[in-house]
Amino acid sequence: MKRAWILAVLTVASVTGLGYVHPFGNPRVEPARGLGTLLHGANLPPDAKAVLVTKCADCHSSETRWPAYARVAPGSWLMERDIVEARKHMDLSRWEQIPADQQEVLAAKIVQEAKSGDMPPLQYRFLHWDAQLSKGDVQTLSTLVRGGGVSEAALAGDGDAVHGKAVFEKRCTGCNALEADPEGPRLAGVYGRRLGALPDLLIPPA
């Protein structure tokens, strides 16, 4: 009995101690400043801002809410890994510091992933069922690329490969990709391709 008790204490101590190890990086070092500070100066539609703060800030900003189990390894490591990766792709705490053309690209990606259902990730929705984006949320986020606060001028430029890539990612990737067929046909090899050559995308007659 005593041996079992000692083993249980050592197990709890080990798991708790490992929770302070950060093999994928430590996203807790960035101090929280309050949800009200997120996107405060961003030129985005107010309703879209509200959805981003409510549904995305937990992983995509320094305003992460850390539940008690977030210190229990190895689960804590997986949470920290996902948050570190999420902030690499988009950090709402630093939105105003991002160049305007990159904001354009991020806005388009937000809309694309919201429409596809890729965000929030399944493992996050499993623990936070209220984070699921509703149809209304998706429609609200779609205003990010309808001119409501997103400047087309930021993507202007003749013969500029960087701006060209940004224009493509903003305007085309919602439906098309180079090597896949998300909604529209793949764009790789489109020049010279016979009309209707991709059978999986044929639209039946009305």
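Our structure is the block above this text.
Because the structure is predicted, anything quoted here is derived from the model rather than measured. (Residues numbered from 1 in each chain as written. Predicted model: local features only at pLDDT ≥ 70, side-chain atom pairs only at ≥ 80, totals over all residues. Heavy atoms only, no water.)

Caption draft 1: The arrangement of the overall build of the protein chain in detail. Of regular secondary structure, the protein chain possesses seven helices and zero strands. The order of α-helices and β-strands along the protein chain, N terminus first, is α-α-α-α-α-α-α. For the protein chain, with 206 residues in total, the buried portion stands at 33%. Excluding contacts between residues fewer than 6 apart, the proportion of contacts in the protein chain whose partners are at least 24 apart in sequence is 61%. (Helix = DSSP H or I, 4+ residues; strand = E, 2+ residues; numbered from the N terminus. Buried < 20%, exposed > 50% of the residue type's maximum accessible area, 1.4 Å probe, protein only. Contact = heavy atoms within 4.5 Å.)

Caption draft 2: Inspection of the pattern of salt bridges at higher detail. Tallying each qualifying case throughout the model produces eight salt bridges. Here Arg 94 makes a salt bridge to Asp 91, at a shortest N to O gap of 3.5 Å. By relative accessible area, which is 39% here, Arg 94 ends up partly exposed. Bridged by salt links that share partners, the residues Glu 30, Arg 87, Asp 91 and Arg 94 form one connected network. (Salt bridge = Lys/Arg side-chain N within 4 Å of Asp/Glu carboxyl O.)

Caption draft 3: Quick peek at the side chain of Ser 62. Relative to the elements of secondary structure, Ser 62 occurs in the loop between helix 2 (46-56) and helix 3 (75-89). Residue Ser 62 is classed as buried on the basis of its relative accessible area of 6%.

Caption draft 4: Geometry of the nonpolar core. Within the largest apolar cluster, 23 residues are counted, with the highest numbers of intra-cluster contacts made by Leu 39, Leu 52, Leu 92, Trp 95, Leu 141 and Leu 144. Listing elements by their share of this core, those giving two or more residues are helix 2, helix 4 (100-116) and helix 6 (135-142). Ranked by size, the runner-up nonpolar core spans five residues in total, among them Cys 59, Ala 86, Tyr 124 and Ala 131. (Core = buried A, V, L, I, M, F, W, Y, C linked by side-chain atoms within 4.5 Å.)

Caption draft 5: Highlighting unusual backbone geometry. If you check the backbone angles, Leu 39 has positive phi at about 60° while not being a glycine. Residue placement: Leu 39 occurs in the loop between helix 1 (2-18) and helix 2.

Caption draft 6: Quick look at helix 3. Compared with the 21 Å implied by 1.5 Å per residue over 15 residues, the 22 Å span of helix 3 between its first and last C-alpha is a close match. Restricting attention to buried positions, one finds in helix 3 the residues Ser 76, Glu 80, Ile 83, Val 84, Ala 86 and Arg 87. Down the axis of helix 3, the buried side of the element spans an arc of 165°, and every buried residue falls inside it. In this structure, helix 3 carries Lys 88 and His 89 as exposed residues pointing more than 90 degrees from its buried face. (Expected span 1.5 Å × (residues − 1). Arc of directions from axis to C-beta.)

Caption draft 7: The arrangement of the layout of surface pockets in detail. Computed from the structure, the largest pocket encloses a volume of approximately 810 Å³. Looking at the lining of the largest pocket, the elements with two or more residues in it are helix 2, helix 3, helix 4 and helix 5 (122-127). No other element matches the nine residues that helix 3 contributes to the lining of the largest pocket. For the lining of the largest pocket, the class distribution of residues is 20 nonpolar, eight polar and eight charged. (1 Å grid on protein atoms, 1.4 Å probe; cavity = no way out; pocket = protein on both sides within 12 Å on 5 of 7 lines; lining within 4 Å. Points joined across faces, edges and corners; volume = space filled by probe spheres on them. Nonpolar A, V, L, I, M, F, W, Y, C, P; charged D, E, K, R; others polar.)

Caption draft 8: Quick peek at the packing of helix 2 against helix 6. Helix 6 packs onto helix 2 with a crossing angle of 125° between their chain directions and a minimal axis gap of 8 Å. One finds that helix 2 runs oblique with respect to helix 6. Two packed elements cross with a definite hand, and for helix 2 against helix 6 that hand is left-handed. Note on element contacts: helix 6 touches helix 2 through Asp 137, Thr 140 and Leu 141, opposite Asp 47, Ala 48, Val 51, Leu 52 and Lys 55. (Axes fitted to C-alpha atoms, helices over the stretch in contact; angles between N-to-C directions. Parallel < 35°, antiparallel > 145°, perpendicular 65-115°, else oblique. Left-handed = near helix turned anticlockwise from the far one by under 90°.)

Caption draft 9: Region of the structure containing the packing of aromatic side chains. According to the stated counting rule, one finds zero aromatic pairs in the structure shown. Above the plane of the ring of Trp 66 lies Arg 28, whose end atom (NZ or CZ) is 4.0 Å from the centre. (Phe/Tyr/Trp six-rings, centres within 6.5 Å; stacked < 30°, edge-to-face > 60°. Lys NZ or Arg CZ within 6 Å of the ring centre and 35° of its normal.)

Caption draft 10: Molecular detail of the packing of helix 4 against helix 6. The geometry of helix 4 relative to helix 6 is characterised by a closest axis approach of 9 Å and an angle of 160° between their N-to-C directions. By the angle between their axes, helix 4 is roughly antiparallel relative to helix 6. The element helix 4 and its partner helix 6 pack so that their crossing is left-handed. Across from Ile 110, Val 111, Ala 114 and Lys 115 in helix 4, the residues of helix 6 making contact are Val 138, Leu 141 and Ser 142. When the residues that make up the contact of helix 4 with helix 6 are grouped by side-chain class, the tally is five nonpolar, one polar and one charged.

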